[in-house]
Amino acid sequence: MQNFSAASVNFSQTRKQKGEYTTAPFDPRFPNTNQTRNCYQNYLDYHRCTKALAAKGKDTKLCDWYRRVFTSLCPVSWVKRWDEQREQGTFAGKI
């Protein structure tokens, strides 16, 4: 068994840089534990953002934050179904 002291651990490597989230940060608009609406809203916001910036000819990289959040919160099956519905023109959300 190895003993680790605080001096032997490089904490600067373990810290995340600002903006690098492995899960979605707290959003005060969705304070409850059920994050379904948060998932859906970030999915919509991502596609609205990419549509708006692409129409202006700007880089859509700014929208990646929304993508990271919704991919963290939403089940993959929901995202696949919503993507299919968008392609077919039957998606209920307003993008």
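Look up a bit, the structure's there.
From a predicted model like this one, the values you see are computed outputs, not experimental measurements. (Residues numbered from 1 in each chain as written. Predicted model: local features only at pLDDT ≥ 70, side-chain atom pairs only at ≥ 80, totals over all residues. Heavy atoms only, no water.)

### Quick notes on the state of the cysteines
1) Next: Scanning the entire structure with this criterion turns up two disulfides.
2) Next: Each disulfide pairs two cysteine sulfurs, and for Cys-39 the partner residue is Cys-74, the sulfurs being separated by 1.9 Å. With the S-S bond torsion at 120°, the cross-link from Cys-39 to Cys-74 turns out right-handed. You can see Cys-39 sitting in helix 2 (residues 36–55) and its partner Cys-74 sitting in the loop between helix 3 (64–73) and helix 4 (76–88), a full 35 residues away along the chain. (Disulfide = S-S within 2.5 Å. Helix = DSSP H or I, 4+ residues; strand = E, 2+ residues; numbered from the N terminus.)

### Considerations on the side chain of Asp-45
1) Next: With respect to the secondary-structure elements, Asp-45 resides in helix 2.
2) Next: Leave out the neighbours within four places in its chain, and Asp-45 touches Arg-29 and Tyr-66. (Contact = heavy atoms within 4.5 Å.)

### Regarding the pattern of salt bridges
1) Next: Counting across every chain of the model gives three salt bridges.
2) Next: Measuring nitrogen to oxygen at the nearest pair gives 3.7 Å for the salt bridge that ties Asp-45 to Arg-48. In this pair, Asp-45 and Arg-48 are both assigned in helix 2, three residues apart and thus about one turn of the helix distant.
3) Next: A relative accessible area of 14% means that Asp-45 is categorised as buried.
4) Next: Residue Asp-64 pairs with Arg-67 through a salt bridge whose shortest N-O separation is 3.8 Å. Of the two residues, Asp-64 and Arg-67 are both situated in helix 3; the distance of three residues between them amounts to about one turn of the helix. (Salt bridge = Lys/Arg side-chain N within 4 Å of Asp/Glu carboxyl O. Buried < 20%, exposed > 50% of the residue type's maximum accessible area, 1.4 Å probe, protein only.)

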